[in-house]
Amino acid sequence: MKKNTRQIHLNLFLASMGHHEAAWRHPDSNLNGVYDFAHYLEHARKAEAAKLDSLFLADRYATSPTAVQYGALGGLEPHTLLSALAVVTKQIGLIATVSTSFNEPYNVARRFASLDHLSKGRAGWNIITSGTDSEAQNFNRDRIAQHQERYERAKEFVEVTTKLWDSWEDDALIQDQKTGIYADKDKVHELNHKGKYFSVRGPLNTARSPQGRPILVQAGSSEDGRDFAAEWAEAIFTAQQTLEDAQAFYSDVKKRVLLYGRDPAYVKILPGICPIIGKTESEAKEKEAELHELTNPTYSLLQLSNRIGFDLTAYPLDGPLPDLPDSSEIAGHQSRTHLIKELADREKLTIRQLLLRLAGGRGHKKIAGTPMQIADELEAWFVGHAADGFNIMPQLMNGGLDDFLEQVVPELQRRGLFRTAYTGTTLRDHYDLPVPVNSFAKAKLYQ
């Protein structure tokens, strides 16, 4: 079979039980695995054996007594877990979520540089701005900042962080024991950054890491999010329900990337997909129906209200979704709110039906079918320029992940769409991305 020159990228969105909100209630789920390193290690090793590009851990900074009553399981802090996994894996990438709203550039730059060193070049940063008041209230604030302000802060945050990673040039380390010179001071730079949100002198107290800097990943699809991604992101995690919507997003973002003077080939767009796999399509749908039976409408409604920033608890479950504020007026998650409104309108869903549609992946595309059907869908999106790859979100981790890795991945390999072996050792190698030029070294060339 002729090999495709363009290959699908596959990332595992790691979850303790699964991405269906009722996965923890399924008899196959290991409830003790939430805080058990061995549980995550097992999934990581399976994903690496299947040659997936990377592991990804999401993060939120808040929960509530009601949420944990019904199963918002929380989990381990991403950086801590991925640092542990870095020691016991060899090639798979490690992407951690860190918010620009509740951190400082210096801390984040140092943590990711450390992870990149420890993993020998496999670190990635999923940049989020956070979007709920409950998160802000855990960080000495009453409310989350407005959407535009959060992205304005995020832009300066990333500017400072990348300069910190660049503050040591690639060849700054000399380590000459005889002369007593550890580093070339002319290749270690202070930033002396003074901006609207941050004042940072630098340099970082960690030398330049194997990838130059970790892969920059972004997950927002609002107008602000798209512009931010076009300027900074090297991979974009996104959510679309239809091929047409995904193609429109793909085309729009790639055009914006060009406007920022960047190569669109170096920005990978990876929609989330939530698979459930059966020997037949009806078997797969039965598996999904079993999970749906385990959902709790009270919890589902609470989750949806928090996600869209609008209290739905007073509305009848079997009635339509009420008129919501325009997504541009929402301080929180604008793009996901827009997607949810479109889904409800397009399919004329009641609130109860909408809750079930969202239960399996929070707005990401659900696919219940045979391995061949799922491979067909992924290929159609990939060949149709709706995606460069996918963020795999098994609705049930125990069993569901094995089904995807053992049945869908080999089918994609048979079609020449996915690697059968790693061809490099870093996450940049896996994503076919260059090492960024050091900005301080580049500036010297023009002095």
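Residues numbered from 1 in each chain as written. Predicted model: local features only at pLDDT ≥ 70, side-chain atom pairs only at ≥ 80, totals over all residues. Heavy atoms only, no water.

Colleague: What's the story with the nonpolar core in this structure? I'm lost.
Modeller: Among soluble globular proteins, nonpolar side chains are generally buried collectively. With 80 residues, the main nonpolar core has L10, L52, W125 and F404 as its most contacted residues. In terms of residues, this core owes the most to one element, helix α6 (residues 147-166), which gives seven residues. Sequence-distant contacts of L52, defined by excluding residues within four places in its chain, comprise L10, N11, L12, A47, I92, L405, V409, F418, R419 and Y422. (Core = buried A, V, L, I, M, F, W, Y, C linked by side-chain atoms within 4.5 Å. Buried < 20%, exposed > 50% of the residue type's maximum accessible area, 1.4 Å probe, protein only. Helix = DSSP H or I, 4+ residues; strand = E, 2+ residues; numbered from the N terminus. Contact = heavy atoms within 4.5 Å.)

Colleague: So what exactly am I meant to see when it comes to the side chain of R419 here?
Modeller: With respect to the element layout, R419 can be found in the loop between α14 (400-414) and α15 (427-430). Judged by its relative accessible area of 14%, R419 is buried. A polar side-chain atom of R419 sits 3.1 Å from a polar atom in the side chain of D53. Polar contacts involving the side chain of R419 include one to the main-chain carbonyl oxygen of H430, which spans 3.1 Å. Not counting residues up to four positions away in its chain, the partners in contact with R419 are Q7, H9, K51, L52, D53, Q413 and H430. (Polar contact = N/O pair within 3.5 Å; in protein donor to acceptor, adjacent residues only side chain to side chain.)

Colleague: Sorry, what's going on with the packing of helix α10 (residues 297-308) against helix α12 (residues 351-359) here?
Modeller: Interhelical geometry of α10 versus α12 gives an angle of 80 degrees and a closest axis separation of 10 Å. Between α10 and α12, the interaxial angle falls into the category roughly perpendicular. Residues P297, S300, L301 and L304 of α10 touch α12, and the partners they reach there are I351, L354, L355 and L358. Considered class by class, the residues forming the contact of α10 with α12 number seven nonpolar, one polar and no charged. (Axes fitted to C-alpha atoms, helices over the stretch in contact; angles between N-to-C directions. Parallel < 35°, antiparallel > 145°, perpendicular 65-115°, else oblique. Nonpolar A, V, L, I, M, F, W, Y, C, P; charged D, E, K, R; others polar.)

Colleague: Got a minute to help me understand the side chain of S101 in this structure?
Modeller: Take S101: it is sitting in the loop between β3 (93-99) and α4 (105-118). Accessibility expressed as a relative area gives 4% for S101, which makes it buried. Reaching out from S101, the side chain makes a polar contact with the backbone oxygen of T129 at a distance of 2.3 Å. Beyond its immediate sequence surroundings of up to four residues, S101 is in contact with T129, S130, R141, R150 and R153.

Colleague: Would you take a moment to explain the packing of aromatic side chains for this structure?
Modeller: Each aromatic ring pair is characterised by the separation of its centres together with the angle its planes make. Considering all chains together, one arrives at 13 aromatic pairs under this definition. With a centroid separation of 5.6 Å and an interplanar angle of 75 degrees, the aromatic rings of Y61 and F139 are classed as edge-to-face. With a gap of 78 residues between them, Y61 in the loop between β2 (54-57) and α2 (65-70) and F139 in the loop between α5 (133-136) and α6 connect regions that are remote in the sequence. Here the aromatic residues F112, W125, F157, W165, Y197 and F198 are joined through ring pairs into a cluster of three or more. (Phe/Tyr/Trp six-rings, centres within 6.5 Å; stacked < 30°, edge-to-face > 60°.)

Colleague: Explain the environment of H117 here, please?
Modeller: With respect to the helices and strands, the residue H117 is situated in helix α4. When neighbours within four sequence positions are excluded, H117 is seen to be in contact with T206, A207, R208, S209 and P210. At 2.9 Å, the side chain of H117 and the backbone oxygen of A207 are in polar contact.

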